[in-house]
Protein chains: 4
Amino acid sequence: MSSDHSKATHPHARRTQATNETRLRVRYAETDQMGVVYHSNHLIWFEVGRVELMRQMGFSYRDMEREEGLFIAVAEATCRYRAPIFYDQEVVVRTRLKQVRESVIIFSYELVGANDGALLAEGETTHIVTDSSMKVAALPGKYLHAFRAAIGK
Amino acid sequence: MSSDHSKATHPHARRTQATNETRLRVRYAETDQMGVVYHSNHLIWFEVGRVELMRQMGFSYRDMEREEGLFIAVAEATCRYRAPIFYDQEVVVRTRLKQVRESVIIFSYELVGANDGALLAEGETTHIVTDSSMKVAALPGKYLHAFRAAIGK
Amino acid sequence: MSSDHSKATHPHARRTQATNETRLRVRYAETDQMGVVYHSNHLIWFEVGRVELMRQMGFSYRDMEREEGLFIAVAEATCRYRAPIFYDQEVVVRTRLKQVRESVIIFSYELVGANDGALLAEGETTHIVTDSSMKVAALPGKYLHAFRAAIGK
Amino acid sequence: MSSDHSKATHPHARRTQATNETRLRVRYAETDQMGVVYHSNHLIWFEVGRVELMRQMGFSYRDMEREEGLFIAVAEATCRYRAPIFYDQEVVVRTRLKQVRESVIIFSYELVGANDGALLAEGETTHIVTDSSMKVAALPGKYLHAFRAAIGK
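Every residue gets a number counted from 1 within its own chain, in the order that chain's sequence is written. By the order in which they are written, chains take letters starting at A while ligands take numbers starting at 1. The predicted nature of this model means local features are confined to residues of pLDDT at least 70 and side-chain atom pairs, given and counted, to a pLDDT of 80 or more, with totals for whole chains, interfaces and linings taken over all residues. Each side-chain value is derived from all of the structure's non-hydrogen atoms; neither hydrogens nor water enter the calculation.

Novice: For this particular structure, what's the right way to read the overall build of chain A?
Specialist: What counts as a helix is a DSSP run of H or I of at least four residues, what counts as a strand is a run of E of at least two, and both are numbered from the N terminus. Scanning chain A from N- to C-terminus turns up three helices and six strands. Helices and strands appear in chain A in the N-to-C order β-β-α-α-β-β-β-β-α. Relative to its length of 153 residues, chain A is compact, with a C-alpha radius of gyration of 16 Å against a globular reference of 15 Å. Only protein chains enter the calculation, and the probe is 1.4 Å; a residue is then buried if its accessible area is under 20% of its type maximum, exposed if over 50%, and partly exposed in between. In chain A, buried positions account for 58% of the 153 residues. Contact criterion: two residues are considered in contact whenever any of their non-hydrogen atoms come within 4.5 Å of each other. Across chain A, every contact between residues at least 6 apart in sequence was considered, and the portion connecting residues at least 24 apart equals 66%. Here the globule rule is a power law, 2.2 Å times the number of residues to the power 0.38, and the radius of gyration is based on C-alpha atoms.

What follows is the structure, encoded as C-alpha cells:
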C-alpha cells in the first residue's frame, strides 16, 4: 500500500526532505449523499499517510505507543478541499514532515488523483508528543534523530 | 436523548421486560452515495441504544469499564435492513434485553421512524463479558441482578 | 437535541448574532485506542451544529438540498483540539455564523463540556454554495436573508 | 491492494468457486478505547472485499451503479467476531459468493491475519438488486453470467 520514495541512496540524502506516497482506494462507506467523499475522511487518510511516513523513516508508530508509552496527539488540523473525490477512485496521500521540535511535530499533506495527479486536497496537522497521561513529553533521541533526518536537517 | 420507559411503578415490574427508546437524528456523515444511511451505522446506533438501556437499568457502562475493569465485548451482530433511512430523519432505537447469563448477554433492537413508527431495521447482538485482558469473566452480582430485573426475571 | 437560543423576542434582535447550542453524547465508536475521541469526529459534530443552526434560522438544510438542488460544500475546515474528549461525555456544540456572502459561508464552532463548560475544541469551516453539478451558485434571496439576519446584519 | 486468486487457467475453472483476497491495514480511526477494532468496521471491510471480488469477476461495481443504474443494497448482515483485531495489523478479507439468483446475492467473508492466517471474524451479507428508486430489479444477463461463473456454476 505504500510507495517508498526514500532518498537513502542519494548522496545529498541528509538535505532532502522525506516524502511518503501511499495509495488508497475510496470506500463506499466514505461517500455521502452528495456523491463524494465526506470531508472528515480526509483527516483519516492524512493519518494513514503520516503513519506510513514514520514507517519509511524506520519505526512503527504502533511500537512507539506500545514500547515507549508515547503518543503523537493531534493539536490542530486543517484541510483545504480542492476537488471532489469519488467512490472507487484511487488517491495518493503525499505526506511530508514540515517541522519538528522536541515535543511538536508538523506534517503537511496533499491528496492527489492516482491516475491524473490532480490536486484533490491539501492540509496540515500539528501534533504534541505526550505520555500516556496526556502530559507533554520530549521525543527520545532515536525518534528525534529519525524525524530530523526526514526533514532534511 | 433517552426516553425513560421504566416500569418501576408498575406492580408487576419484576416480570416486565425493560425497553429503552432513544431518539437520534441521522447525520450527513452517516449517509452514502446511494442517498441513504450506510449499513454499518446501524450497529453504532444499536450500541447507543444498548448503553442507554443500561443507564435506565441503573448503571453506566462507562463506569463498569472504568471501575470494574469489565467489558461487554461483541461476539456476534446481525442486522436486517427493512427500509432505507434518510438524512436528517429522526430514528428511535428500541432496545431490549433478550437473554442474560453470567458471561453472555443478548440484546435485540428495532429501529423505527420517530414520526410514523415504521420499522426500518431490526437486529441482535451477542456479548461476552470480559476482563481488560479479553478473558471471559462473570458479571458481578450487582450487575447480574440489574440485568435479570431488566429481563423480567 | 437542540437548545434554541434565538433572540427573536429581543428588541435588538436584528443586530444580534445567532448562536446554536446542540448537545450530544460521545459514542463508543467515536473513541480510539488512545482512550479519547478520534480527531476526525469533531468535524462531524461541527456539521451537526451547523445543521441545527440553520434549523434555528428557519429552514432545513435537507430541504435546501432536495427542493432547491443547492449544496453547502466544505471548502476548508480547521480544528484546534484544546482538551481530550471522553466516551459518554456530554458535549455542547456551539455554532455561530462568522461571515456570509452570496456564495461563501463561514461558520465557527466551540465544543464545550456540558457539565463544566470547559473548552474542548474550536474550529471553523468555510463553505461554497454549489448546484448539484458542483458549480458555484448564489444563495437564493430567502436563504441569504435568513443568513444575514443570523449574523446580525 | 487486491490479490487475484482467479482460477481462469484451471481446466475445471467453471466448477470452481471464485475467492477474492484483499489485504488492508487497520487504521487508528478504526480502533476504539477497548484497544481493538470497533465492531462496525468489519462490515465496511466486507464491502471492500465484495467490491474487489466483483472487480476480479470482470466488472466494477462503480460502473454498474453509474452505467446501469443498478444497486446491490444490503438486506441483511451478520458478523461473528472470533478474535480481537489490533491497530496497524494487516488483515486479509477473503470473500466468496455464496448464492446468486436474479435479484438476490449472498456473499460470505472471512477476516484472517495476514501474517499467521488466524481467523479473526467471519460473516455473511445478503443483497437485493435494486434500481435507483430502490425497487427490486433483475441482474442483467452479463452480470448474472459473471456471478454464476464466479459461484462455479
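On we go.
Novice: Honestly, the relation of the copies chain C and chain A in this entry has me stumped. Any pointers?
Specialist: Here the two chain copies are tied together by a rotation about an axis and a shift along that axis. When chain C is brought onto chain A, the operation consists of a screw motion whose angular component is 180° and whose axial shift is 0.0 Å, with 0.0 Å RMSD remaining. On this basis, the relationship between the two copies can be described by a two-fold rotation axis. Closest to the rotation axis within chain C is the C-alpha of T78 of chain C, separated from it by 2.1 Å. By residue overlap, the copies meet face to face through one surface: 100% of the interface positions of chain C are interface positions in chain A. Residues below a pLDDT of 70 in either copy are left out; the C-alpha atoms of the rest, at least 70 in both, set the least-squares superposition of the copies.

Novice: Would you mind going over the pattern of salt bridges with me for this structure?
Specialist: Any two side chains of opposite charge can pair, given that their charged atoms come close. All names here are of chain A. Note on definitions: salt bridges are taken to be side-chain nitrogens of Lys or Arg within 4 Å of carboxyl oxygens of Asp or Glu. Scanning all chains against the criterion turns up 56 salt bridges over all chains. The partner of R94 in a salt bridge is E110, and the shortest N-O contact between them spans 3.0 Å. In this pair, R94 is assigned in strand β4 (residues 90-100) and E110 in strand β5 (residues 104-113), connecting sequence segments 16 residues apart. With a relative accessible area of 22%, R94 lands in the partly exposed category.

Novice: Explain the interface of chain C and chain A here, please?
Specialist: The accessible area lost on association of the parts is a frequent measure of interface size. Of the residues lining the interface, 25 residues belong to chain C; the matching set on chain A comes to 25 residues. Two parts placed together each lose some accessible area under a 1.4 Å probe, and adding up what both lose gives the buried area. Summed over both partners, the interface of chain C with chain A buries about 2100 Å², with 63% contributed by carbon and sulfur atoms. When residues of chain C are sorted by the area they lose upon contact with chain A, M34, H39 and M134 of chain C head the list and together hold 26% of the total. Taken together, the links from chain C to chain A amount to zero salt bridges. What qualifies as a polar contact is a pair of N or O atoms within 3.5 Å, subject to a donor-acceptor requirement within protein and to the restriction that residues adjacent in sequence count only when both atoms come from side chains. At the boundary of chain C with chain A, the tally comes to nine residue pairs in polar contact (both at pLDDT 80 or more). For the side of chain C that touches chain A, the element with the highest residue contribution is strand β3 (residues 71-81) of chain C, accounting for eleven residues. Here the residues of the side of chain C that touches chain A sort into 16 nonpolar, four polar and five charged. Residue classes follow a fixed rule: Ala, Val, Leu, Ile, Met, Phe, Trp, Tyr, Cys and Pro count as nonpolar, while Asp, Glu, Lys and Arg count as charged, and any other residue, Gly among them, counts as polar.

Novice: I'm lost on the relation of the copies chain C and chain D in this one. Help?
Specialist: Of the transformation placing chain C onto chain D, the axial shift is 0.0 Å and the rotation is 180°, giving an RMSD of 0.0 Å. Mapped onto chain D, 100% of the interface residues of chain C are again interface residues, and the two copies thus contact each other with one and the same surface.

Novice: Explain the interface of chain C and chain D here, please?
Specialist: Each partner contributes to the interface: chain C provides nine residues, whereas chain D provides nine residues. Buried area between chain C and chain D, both sides added, is near 940 Å², and the carbon and sulfur share of it is 59%. Counting the surface chain C buries against chain D, the share from its top three residues, Y28, Q33 and Y38 of chain C, is 60%. The interface formed by chain C and chain D holds zero salt bridges in total. Our count for the contact surface shared by chain C and chain D stands at four residue pairs in polar contact (both at pLDDT 80 or more). Partitioned by chemical class, the residues of the side of chain C that touches chain D number five nonpolar, three polar and one charged.

Novice: Can you help me understand the side chain of R27 of chain D in this one?
Specialist: With respect to the helices and strands, R27 of chain D occurs in the loop between β2 (19-25) and α1 (41-57). Not counting residues up to four positions away in its chain, the partners in contact with R27 of chain D are L24, R27, E30, I44, W45 and V48 of chain A together with Y87 of chain D.

Novice: How do you make sense of the packing of aromatic side chains when you look at a structure like this?
Specialist: The relative placement of two aromatic rings is captured by the distance of their centres and the angle of their planes. Two aromatic rings from Phe, Tyr or Trp, using only the six-membered ring of Trp, form a pair when their centres are within 6.5 Å; if the ring planes differ by under 30 degrees the pair is stacked, by over 60 it is edge-to-face, and anything between is tilted. Here the structure, examined in full by the defined rule, presents 32 aromatic pairs over all chains. Taking 6.1 Å as the distance between ring centres and 55° as the angle between the ring planes, the aromatic pair formed by Y61 of chain B and Y28 of chain C counts as tilted. Here Y61 of chain B is found in helix α2 (residues 61-68), whereas its partner Y28 of chain C is found in the loop between β2 (19-25) and α1 (41-57) on a different chain. When its relative accessible area of 4% is taken as the criterion, Y61 of chain B is described as buried.

Novice: What is the right way to read the pairing of strand β2 (residues 19-25) of chain B from this model?
Specialist: Consecutive side chains along a regular strand alternate between the two faces of the sheet. Residues and elements named next belong to chain B. The buried fraction of β2 is high, at six of seven residues. Taken together, the seven bridges between β2 and strand β4 (residues 90-100) define a ladder with antiparallel strand orientation. Bridging from a neighbouring strand, R25 pairs with E90 of β4. The pairing criterion is simple: DSSP has to find at least two bridges between the two strands.

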